[in-house]
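Residue-level structure breakdown
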Amino acid sequence: MVMAKMIRENVHTENIKRIEKKSPQTKSAFHYLISVIVCFLLVMPCFSQSTKKINLTEYTAEEEAELYWDSLTGGGMFMKDGHTISFRVDDPVILLDYNKLAVVEAPAQINGNVYVGDDFRNCIENLLKSEAPEPYFSIGAVLIDPGHGGKDPGALDTITVDGKKVQVQEKDIVLDVGKRIYNLLTKKYPDKKILMTRDTDKFLSLEERVEIANNVKLGEREAILYVSVHVNAAFDKSAGGFEVWYLSPGYRRTVISESEADDAEVLPILNSMMEEEYTTESILMAKYILDGLDNKMGDVMTNRGIKEEEWFVVRNAKMPSVLIELGFLTNPKEAAILIDESYLKKIADGIYNGIVSFIVHFEHSRGFTGL
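Residues numbered from 1 in each chain as written. Predicted model: local features only at pLDDT ≥ 70, side-chain atom pairs only at ≥ 80, totals over all residues. Heavy atoms only, no water.

The terminal C-alpha atoms of helix H6 (residues 170–188) lie 27 Å apart, and with 19 residues this matches the ideal 27 Å at 1.5 Å per residue to within 8%. Of the residues making up H6, those classed as buried are Glu170, Lys171, Ile173, Val174, Leu175, Val177, Gly178, Ile181 and Leu185. (Helix = DSSP H or I, 4+ residues; strand = E, 2+ residues; numbered from the N terminus. Expected span 1.5 Å × (residues − 1). Buried < 20%, exposed > 50% of the residue type's maximum accessible area, 1.4 Å probe, protein only.)

Another aspect to go through is the sheet that holds strand E13 (residues 222–232). Taken together, 6 strands build an open sheet; the order of strands is E12-E9-E13-E16-E14-E15 and the sheet is mixed. In the strand order of this sheet, the two ends are held by strand E12 (193–196) and strand E15 (303–308), each with one partner. When strand polarity is set aside, the average angle formed by the axes of neighbouring strands in this sheet is 20°. Two strands pair when backbone bridges link them, and strand E9 (residues 138–146) and E12 are joined in this way by 4 bridges, in the parallel orientation. Counted as the bridge partner of Ile144 is Met196 from E12. Each of E9 and E13 touches helix H7 (residues 206–214); the most contacted strand, E9, lies at about 165° to it. (Pairing = 2+ DSSP bridges. Axes fitted to C-alpha atoms, helices over the stretch in contact; angles between N-to-C directions. Contact = heavy atoms within 4.5 Å.)

The next thing to look at is unusual backbone geometry. In the Ramachandran plot, His148 falls in the positive-phi region, its phi being about 60° despite a non-glycine side chain. The topology assignment puts His148 in the loop between E9 and strand E10 (156–161). Here His148 falls in the buried class, since its relative accessible area comes to 19%.

Secondary-structure assignment places Val227 in strand E13. Each C-alpha atom, one on Val227 and one on Ile355, is 9.0 Å from the other, the two residues being 128 residues apart in sequence. Each residue touching Val227, except ones within four places of it in the same chain, is listed here: Leu143, Ile144, Asp145, Met285, Val322, Ile324 and Ile355.

Now for the packing of aromatic side chains. Under the counting rule described, the total for this entry stands at 3 aromatic pairs. Plain terms: the ring middles of Phe87 and Phe120 are 5.7 Å apart, the flat faces sit at 85° to each other, and that makes the pair edge-to-face. Of this pair, Phe87 sits in strand E4 (residues 83–88) while Phe120 is found in helix H5 (residues 118–128), placing the two residues 33 residues apart along the sequence. Looking at Lys192, its charged tip hangs above the ring of Tyr189, at a distance of 5.2 Å from the centre. For Lys287, the ring lying beneath its charged end belongs to Tyr288, and the centroid distance is 5.8 Å. (Phe/Tyr/Trp six-rings, centres within 6.5 Å; stacked < 30°, edge-to-face > 60°. Lys NZ or Arg CZ within 6 Å of the ring centre and 35° of its normal.)

Time to look at the confidence of the model for the protein chain. Scored by pLDDT, the protein chain comes out at a mean of 78, with 71% of its residues at no less than 70. The element-level mean pLDDT for the protein chain is lowest in helix H2 (residues 16–22), coming to 33, with E12 highest at 98. Low pLDDT, under 50, characterises residues 251–258; the predicted model gives this stretch 33 contacts beyond four residues in sequence or across chains. (pLDDT = per-residue confidence, 0-100.)

What follows deals with the pattern of salt bridges. Under the definition given, this model contains 13 salt bridges. For Lys171, the salt bridge is made with Asp201, and the minimal N-O distance between the two is 3.1 Å. Of this pair, Lys171 sits in helix H6 while Asp201 is found in the loop between E12 and H7, placing the two residues 30 residues apart along the sequence. For Asp201, a relative accessible area of 44% gives the class partly exposed. For the salt bridge of Arg304 with Glu243, the shortest nitrogen-to-oxygen distance reads 2.6 Å. (Salt bridge = Lys/Arg side-chain N within 4 Å of Asp/Glu carboxyl O.)

What follows is the structure, encoded as structure tokens:
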């Protein structure tokens, strides 16, 4: 992944060499082809005439590894102990730790699953014997944004708990969950900036929230994640479940302004490239967070999936960003869950686990999430 800050610092012609070192996405087709040819000199010997098909999902579970697989693009990543193998269905060339290529029997998609040959497994086993590379890009900051606050309560309703009427407000629930996520991330990552747009019952406009996000100072090769937390509501009292939203891929932001680039002709290309990066990363982060919530809350709430929409905060935050809807406050059963301490802990744990999973994926894949 190449964050906007890095692109802005490297749009000058005299810095092309630095761009090529930092980002495969920003290389010209010619230079990228040259780099691929050079990589072939570093091919790891894994190839064999393989006939046995191995279910990669089952193998990943056996190895206690992690597999990211997109059936639409055919691209995937196998990750374990800081090592990464990137592959694509029907392509015999795989990429090992982003610095070596290997030729294997092409992975195949059969009945929705990925199958590989013995040579692919040999590549994994040989790679795991070597020392894992140091992360090249890192997540420098995570911004948790509890929605609403102050004069804006968000969704609200009154429910009966132990025979008593209790008013439930979205702003209180999301602040509670936001603080829990903040505390978990702070303990996990003392070296990263873990931030909140608000940690009290304070009103912030949408513009103020986005301004906070876009003005976080980052170090070189650092990225920031934006996580907005909300609670849903509907006229239909039976509507329920949690979901995670990301920005519609068709929406186009101005990620890099004209004042930040010397060459106006290059600017549309850089903006398009950054937008593709943010979309890919936002979808992946949404998936990890949804999986985390499902693991903790799937037995009491419906998993409504990941969805796309042009919410103000996600379309104006110049970074990978998601918006989480924890459940429906207007559903009496879910409203009771959303004020229950034990469930609030589970919700926060689920979101935290999803964020951590994305950070691990991002940093172990050297920040390159485009498959």
